[in-house]
Structure formats: C-alpha cells, structure tokens
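Residue-level listing of the chains:
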Amino acid sequence: MTTTTAPATTTAPTTGAGFLTGLRVFTGRSVKQSFRDGESLLMAILLPVFLMLIFTFVLGGAMDVGGGGGREAYLSFVMPAIALTAAGFGASYTSVVVSNDMTTGFMNRLRTMPFPSVTVLLGHTASSMVRNMLATGVVLLVGFAVGFRTDATVPQFVGAVGIIALWILMITTVFAMLGMLAGSAEAASGYGFILLFLPYISSGFVQVESMPGWLQPIAEHQPMTPIIDASRALLNGQSAGSGAWIGVLWCAVFMALAVWVTAVVFPRKVART
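These figures come from a predicted structure and were not determined experimentally. (Residues numbered from 1 in each chain as written. Predicted model: local features only at pLDDT ≥ 70, side-chain atom pairs only at ≥ 80, totals over all residues. Heavy atoms only, no water.)

Peer 1: So what's going on with the overall build of the protein? Which residues, and what values?
Peer 2: On a plain count of helices and strands, the protein comes out with 11 helices and zero strands. Start at the N end of the protein and walk to the C end: the helices and strands fall as α-α-α-α-α-α-α-α-α-α-α. The buried share of the protein, taken over its 273 residues, is 45%. Split by element, the accessible area of the protein, about 13700 Å² in all, is 68% carbon and sulfur. (Helix = DSSP H or I, 4+ residues; strand = E, 2+ residues; numbered from the N terminus. Buried < 20%, exposed > 50% of the residue type's maximum accessible area, 1.4 Å probe, protein only. Areas by Shrake-Rupley, 256 points an atom, 1.4 Å probe, with all protein chains shown as cover.)

Peer 1: Give a detailed account of a nonpolar patch on the surface, specifying residues and quantitative values.
Peer 2: A grouping of Leu-42, Leu-46, Phe-50, Ile-54, Phe-57, Val-58 and Leu-59 is seen on the molecular surface, where their side chains present a nonpolar patch of about 650 Å² in accessible area. Its location among the elements puts Ile-54 in helix α2 (residues 38-59). (Patch = residues over 30% accessible without salt bridge, like charges linked within 9 Å, V, L, I, M, F, W, Y side chains within 5 Å. Salt bridge = Lys/Arg side-chain N within 4 Å of Asp/Glu carboxyl O.)

Peer 1: How would you summarise the confidence of the model for the protein if you had to cite specific residues and measurements?
Peer 2: For the protein, per-residue confidence averages 80 on the pLDDT scale, and 83% of positions sit at 70 or higher. Contacts of residues 6-14 to residues separated by more than four positions or lying in other chains number one contact, the stretch itself having pLDDT below 50. (pLDDT = per-residue confidence, 0-100. Contact = heavy atoms within 4.5 Å.)

Peer 1: Lay out the pattern of salt bridges in plain terms, naming residues and giving numbers.
Peer 2: What the rule picks out here adds up to one salt bridge. Asp-229 is paired through a salt bridge with Arg-232; the nearest N and O atoms lie 3.4 Å apart. Taken as a pair, Asp-229 and Arg-232 lie in helix α10 (residues 224-235) at a separation of three residues, close to a single helical turn. What makes Asp-229 partly exposed here is its relative accessible area of 32%.

Peer 1: I'd like a description of the packing of helix α6 (residues 154-181) against α10, backed by residues and values.
Peer 2: Here α6 crosses α10 at 160 degrees, and the two axes come no closer than 8 Å. Considering their axes alone, α6 and α10 lie roughly antiparallel with respect to each other. By crossing handedness, the relation of α6 to α10 is classed as left-handed. In contact with Gln-156, Phe-157, Gly-159, Ala-160, Ile-163, Ile-164 and Trp-167 of α6, α10 contributes Met-224, Ile-227, Ala-230, Ser-231, Leu-234 and Leu-235. Its residues placed into classes, the contact of α6 with α10 shows 10 nonpolar, three polar and no charged. (Axes fitted to C-alpha atoms, helices over the stretch in contact; angles between N-to-C directions. Parallel < 35°, antiparallel > 145°, perpendicular 65-115°, else oblique. Left-handed = near helix turned anticlockwise from the far one by under 90°. Nonpolar A, V, L, I, M, F, W, Y, C, P; charged D, E, K, R; others polar.)

Peer 1: Break down the packing of aromatic side chains for me, with residues and values.
Peer 2: For the coordinates displayed, the defined rule picks out six aromatic pairs. When the centroid spacing of 5.7 Å and the interplanar angle of 20 degrees are considered together, the rings of Trp-250 and Phe-254 count as stacked. A residue pair is termed a helical-turn pair when its members lie 3 or 4 positions apart in one helix, as Trp-250 and Phe-254 do in helix α11 (residues 242-271) at four residues. Judged by relative accessible area, Phe-254 falls into the partly exposed class, the value being 28%. (Phe/Tyr/Trp six-rings, centres within 6.5 Å; stacked < 30°, edge-to-face > 60°.)

Peer 1: Give a description of helix α3 (residues 70-103) that names residues and reports values.
Peer 2: Since the α-helix turns once every 3.6 residues, residues separated by three or four places project in the same direction. Here α3 is 34 residues long and its end C-alpha atoms lie 50 Å apart, about the 50 Å a rise of 1.5 Å per residue gives. The sharpest bend along α3 comes to roughly 45 degrees, located at Val-78, with the proline Pro-80 sitting one to four residues further on. Burial analysis of α3 places 27 of its 34 residues in the buried class, which makes it a mostly covered element. The first or second residue beyond α3 is Gly-105, which carries a positive phi of 90 degrees. (Expected span 1.5 Å × (residues − 1). Bend = angle between axes of the 7 residues up to and from the residue.)

Peer 1: Account for the packing of α3 against α6, naming residues and giving values.
Peer 2: Packing of α3 against α6 brings their axes to within 7 Å, and their N-to-C directions diverge by 30 degrees. Compared by their axis directions, α3 and α6 come out roughly parallel. You can see that α3 and α6 cross each other, and the crossing is right-handed. Residues Ala-83, Leu-84, Ala-87, Gly-88, Ala-91, Ser-92, Thr-94, Ser-95, Val-98, Ser-99 and Met-102 of α3 form the contact with α6, whose own contacting residues are Ile-164, Trp-167, Ile-168, Ile-171, Thr-172, Phe-175, Ala-176, Gly-179 and Met-180.

Peer 1: Explain the environment of Ala-83 residue by residue, including any values.
Peer 2: Of note, Ala-83 is situated in helix α3. Residue class for Ala-83 comes out buried when judged on its relative accessible area of 1%. In this structure, the C-alpha to C-alpha distance between Ala-83 and Met-133, residues 50 residues apart in sequence, is 9.3 Å. If sequence neighbours within four positions are ignored, Ala-83 has contacts with Thr-136, Val-139 and Ile-164.

Peer 1: Can you break down the side chain of Arg-232 residue by residue, with the values?
Peer 2: A relative accessible area of 9% places Arg-232 in the buried class. A polar atom in the side chain of Arg-232 sits 3.4 Å from the side chain of Asp-229. Filtering out sequence-adjacent residues up to four positions away, Arg-232 remains in contact with Ser-76, Phe-77, Pro-80, Ser-203 and Gly-204. (Polar contact = N/O pair within 3.5 Å; in protein donor to acceptor, adjacent residues only side chain to side chain.)

Structure, rendered in structure tokens:
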C-alpha cells in the first residue's frame, strides 16, 4: 500500500502596507473628513475673507501705511497677513482632528494593523496643506476682486506664495504636534490659540513704528514679521531682502522642533494602553 503525502503548503508572510500606501490612504481619509465637515471648512475660508473685507472697507480709509494711503494701498499692505491668518485658522482644525484620533482609541486600533501609524499624522498634515492652500487661494481671489493689484513678476509671485506655503507647512506641523500632546480636542484648540494672535502683533496690519515703544521689539523679532515683510515686498515687485531667509530659518526651527517632539512622544502615546 502506497501512502501519498500531501505537499506542505506555505503561507506568505504578511508584509503589510508600506509607508507611501499608508500616507496615501490616510491623506485621502483626512481630505474627505475636511470636506465633510462643512462648517469648519467654511470657517477656515470665510473668516479670513471677512477679516480682509472689514480691515479694508471699515479701517482701510483711516489707515496710513504709505504709498499714498487709502483703501487700495492698505489692501496691498494687509494681504499677506490675511493669507497667513487664514493658514492659522485652518491649521487649528488639524490639532482637533489629531487629538480626536489620539483620544478616542483610533490610534490603538491601528496598532493591530501592519502599517506605520505615523502615516496618520502625516496624512492630517498633508490634508491640512490642501485645505489651507485652498483657503489662501480664495483669499487672494477675493482680494483681486475688491481691488488688490500686484506689481510682482511671475518668479516674485511664486516666491511670495512659496513663503506663505512654507509657513502653512510649519504651522500645520506644530498644530499636529499639539493635537498629539493634548488630552482632549478642546485642549488642543486652546494650546494653539496663541499662534493665532501672532499676525496681530506683527507688521501685518499696521507698521511696527506706530506701536508703543515697549511692543515694537516684540513685533520686530517674532516669526511672522519677516515672513509678512518678505511676502509683501515680493507681491509689490520688490526684493524680499533679509526677511526671506530669516522667515525660512524661523520655519525650519519650529518644524524641526515639532518633528523631534513628535518622533519622541508619538511612539509612547501609541503604545500606551
């Protein structure tokens, strides 16, 4: 009697999704969440637009920022600050959704799945960049509709938008870190509140020389002033000067700090039971 032995079957090891696949999946998830939350999306877009209209048509006629004064001159002066303010409001939403993922058990559920959990944070960051660049584009379009004009060449305009985009990336990274650290969505929103005030204590809405003497050094040496000055100069067809590299340096320092804190704390947060 001949005994036949069935061939052994081997099961291929599960390798899981790669980094790029996880990033693509969770970026898509975050983008869908953003556009489904219509109220937050409208707030991120409409609030800066309303600020621009208020500053231009209510205060613009009384503001003297050089260049002949008047609403059109003030609109050209204030446009970079409005665009960067839009980024701040949009990025604050990122801290809330990251905090929700961290505190509702979503991250712990992902521990059982074979892909890098950090892609969730990166997906939120990429989604916020999409949302904030959209908001910035809307602000610029409305600005052109109400009288904003630029003397910038194409490279200068691209450079101004690039500086604004770099700030958006930095502040989004910082807000994602704050959302990871916060114990609740409400706390995450509150932690970043001070960042939303930076445009108002800068050269964004008034000239620094018009501020009280004790406030001028703070306004001159905070991160947003060189970024606003550089983007404003480029939009006006002028050289960005030292403000460009100083602003880039500020952004690089904040991003490096946020990435380092995330790299240290995130694995412990995800591994926590």
